[in-house]
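One-letter residues, chain by chain:
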Amino acid sequence: MKHRIRQYLRIMTVASVSMLAASCITPPTYDGGDWRNFVGIDSDLCAQQSHKIVSRRSEASLPYFYISSRLPYCAGKIRMTLQRTDKMRYGRFDIIEEGRKFEKEEVLFENSDIIVQSPDNWAQQIAQQAALNDGRVILYTHGYNETFLETASRLARFKKIAQFNGPIIQYSWPSHRKALRYATDGTNLELYKPQYAAAVQKLAAIPEIKSLILISHSLGSQLLLHGLQEIDLAAKKTNSIDYSKKITNVILASPDIDKQIFETIASQHIMTDEKIANGRRITVYSSAKDKAIRLSHIINGYERLGGTRCDDPNALADDDLIAIDRKAKARCYANLPDTMSAERRNGLHIIDTTEVSNSNNGHSDFVNAPEACSDFSAVINDMPLSDTRRRSIGKGNIWRLNEGDAINDCTYEK
């Protein structure tokens, strides 16, 4: 009883502080004007600043692409703010290569350039680069509590560990970069689900793109799954080209989404017989050590896809865990209905990174832990997945990674 009271008080404290913090957000100003005035007009400030950058360096020297629903600040050097806007913007950028684990935002800002492009020019450059890489493109969606530049630096890591030469695009939605603004970020996430779905549709419609790899982290999984569901449903409702066939490789890293909601979306919409027959595979990275997912479980009240906690009090640890630790607790994963065919259920790959997690919070094992990073790289590149690095458990494709079995060195440089 005392434990339940403490848990309730903790939830109420987090919720109360989150709402208070959300009310104290300071928006940017444009030459002394309110930012809302800037949102409503077609300002040429961003174009002017972009032209200055392109005059001293080529667009091709900005290796990464973005789609953003953040409000840009273009009165000086271009930056993407914490504020939201109705207008989607497209562009390119470079970023300090991710070599230091927690680089300060001001350092990232000073060492980066961002330009805003017209949607048509942006799409043309995506098409040209995709054509040089067998039509393979990555679209990455970040989670909550991240700035544009923090997410951008992660793209440099994807390029390095996967040796990926095609376009790497970040979808940057307006996260407020504060741990206690989880509720604010969730509201923004809900607002931009239609825009994200439209962005996925826009990319899939580019003829030169043959394979669109969708990757998300944490809360961003909600955007990804909604967008994938929308593009799959659109293919059923119209007689147009089924662009969803280009989306066969989907990766959800530490996904912060209700496990049962995912099971419903997967079984009813995005893992149909047709999609699985077309080669679609969904890979989920989860961990029992993920503190962020554990907190989300407490706040939301139900199991999250990125965690391994069991709400069933009678759940028992399986033999695989007991072999490692005699006091091991049970771990639970997404469970697709038995009414689904084995082929469909096997399209879902769940990778438990608990044993190889090497960080304080376990929330980014897919790029931090060498064993998980090696697995992540193999999934991106559609490479055969070695059983020597994974051990299979239970029904379907549920795996745990073996400590020490890594190919890529994904550790940060000092």
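Computed from a predicted model, the values in this text were never measured in an experiment. Chains are numbered independently. Their residues run from 1 in the order of the written sequence. In view of the model being predicted, local features appear only for residues whose pLDDT reaches at least 70, and side-chain atom pairs are presented and counted only at 80 or more, with totals across whole chains, interfaces and linings using the full set of residues. Side-chain metrics rest on all non-hydrogen atoms present in the structure, leaving aside hydrogens and water.

> Is there a simple way to think about the overall build of the chain in this case?
In terms of helices and strands, the chain carries 16 helices and 13 strands. Within the chain, buried positions represent 55% of all 414 residues. A contact between two residues is defined here by any heavy atoms of the two lying within 4.5 Å. The contacts of the chain with a sequence gap of at least 6 include a subset with a gap of at least 24, amounting to 75%. For every accessible area listed, the method is Shrake-Rupley and the probe measures 1.4 Å; residues are considered covered only by the protein chains on display. When the accessible surface of the chain is summed, it comes to about 19,100 Å², and 51% of that surface belongs to carbon and sulfur atoms. Each helix is a run of H or I in the DSSP string that is no shorter than four residues. Each strand is a run of E no shorter than two, and both are numbered from the N terminus. Whether a residue is buried, partly exposed or exposed follows from its accessible area with a 1.4 Å probe, protein chains only, as a fraction of its type maximum: under 20%, in between, or over 50%, in that order.

> Hey, could you run me through the pattern of salt bridges in this one?
Oppositely charged side chains can form a pair if their charged atoms are brought close together. One speaks of a salt bridge when a side-chain nitrogen belonging to Lys or Arg is within 4 Å of a carboxyl oxygen belonging to Asp or Glu. In the structure shown here, the tally under the stated rule is 16 salt bridges. For Arg57, the salt bridge goes to Asp94, with nearest N and O atoms at 2.8 Å. On the criterion of sequence distance, the pair formed by Arg57 in the loop between helix H3 (45-56) and strand S3 (64-73) and Asp94 in strand S4 (residues 79-94) is long-range, its members being 37 residues apart. Here Asp94 falls in the buried class, since its relative accessible area comes to 13%. Each of Asp318, Asp320, Arg331, Asp352, Glu355 and Arg400 takes part in a single network of salt bridges with overlapping partners.

> I would appreciate a short explanation of empty space enclosed by the protein in the present structure.
Buried and open spaces are told apart on a 1 Å grid over the protein atoms alone, a cavity being a set of points where a 1.4 Å probe fits but cannot get out and a pocket being an open set with protein on both sides within 12 Å along at least five of seven lines. Residues with an atom within 4 Å of a point are the lining residues. Grid points are joined across faces, edges and corners, and a volume is the space filled by probe spheres set on the points. Taken as a whole and assessed by the stated rule, the structure comprises one cavity of 30 Å³ or more. Here the largest cavity is characterised by a volume of approximately 40 Å³. As for the largest cavity, its lining consists of Ser254, Tyr285, Ser286, Ser287, Asp290, Gly306, Thr353, Gly362, Asp365 and Phe366. Those elements that provide at least two residues to the lining of the largest cavity are strand S10 (281-286) and helix H15 (365-368). Residue polarity is assigned by list, with Asp, Glu, Lys and Arg as charged and Ala, Val, Leu, Ile, Met, Phe, Trp, Tyr, Cys and Pro as nonpolar; anything else, Gly included, falls into the polar class. Considering only residue class, the lining of the largest cavity consists of two nonpolar, six polar and two charged.

> Even after reading the chapter, I still don't get the state of the cysteines, so can you show me in this structure?
Throughout this description, disulfide means a covalent bond between two cysteine sulfur atoms. Any two cysteine sulfur atoms within 2.5 Å of one another count as a disulfide. On inspection of all chains with the given rule, the structure shows two disulfides. Covalent S-S linkage joins Cys46 and Cys74, the inter-sulfur distance amounting to 2.1 Å. Sign of the S-S torsion, about 75° for the bond between Cys46 and Cys74, identifies this disulfide as right-handed. With Cys46 in helix H3 and Cys74 in the loop between S3 and S4, the pair connects residues that are 28 residues apart, well separated along the chain. You'll find Cys46 and Cys74 in the same group, each marked buried.

> How do you make sense of the environment of Lys178 when you look at a structure like this?
Mapped onto the secondary structure, Lys178 falls in the loop between strand S7 (168-172) and helix H7 (182-191). On the accessibility criterion, Lys178 (47% relative accessible area) is partly exposed. For the pair Lys178 and Asn145, spaced 33 residues apart in the sequence, the C-alpha separation amounts to 5.4 Å. Look past the residues within four positions of Lys178 in its chain and what remains in contact with it is Tyr144 and Asn145.

> What is the right way to look at the packing of aromatic side chains in this model?
Here a Phe, Tyr or Trp ring, Trp counted by its six-membered ring, pairs with any other such ring whose centre lies within 6.5 Å, and the pair is stacked when the planes are under 30 degrees apart, edge-to-face when over 60, and tilted otherwise. All chains considered together, the criterion is met by 13 aromatic pairs. Between Phe65 and Trp122, the aromatic rings sit 6.4 Å apart at their centres with planes inclined by 85°, giving edge-to-face as the arrangement. Linking Phe65 in strand S3 with Trp122 in helix H5 (residues 119-131), this pair joins segments that are 57 residues apart in sequence. The class of Phe65 is buried, set by a relative accessible area of 0%. Trp122 gets classed as buried once you look at its relative accessible area, which sits at 0%. Centroid distance Tyr66 to Phe148: 5.4 Å. Interplanar angle 85°. Geometry classified as edge-to-face. With Tyr66 in strand S3 and Phe148 in helix H6 (residues 148-162), this pair connects stretches of sequence that are 82 residues apart. Neither residue differs from the other here; Tyr66 and Phe148 are each classed as buried. One aromatic cluster is present, built from ring pairs that chain together Tyr140, Phe158, Tyr285, Phe366 and Phe376. For Arg79, the ring lying beneath its charged end belongs to Tyr73, and the centroid distance is 4.8 Å. In this scheme, the term charge over a ring applies when either NZ of a lysine or CZ of an arginine sits within 6 Å of the ring centre and within 35 degrees of the ring normal.

> I would appreciate a short explanation of the layout of surface pockets in the present structure.
One simple way to see leftover space: roll a probe sized like a water molecule over the atoms. The volume enclosed by the second largest pocket comes to roughly 590 Å³. Ala288, Thr308, Arg309, Lys329 and Ala330 are, among the 25 residues lining the second largest pocket, the residues nearest its centre. With three residues, helix H12 (residues 291-300) is the largest single contributor of residues to the lining of the second largest pocket. A class-by-class count of the residues in the lining of the second largest pocket yields nine nonpolar, four polar and twelve charged.

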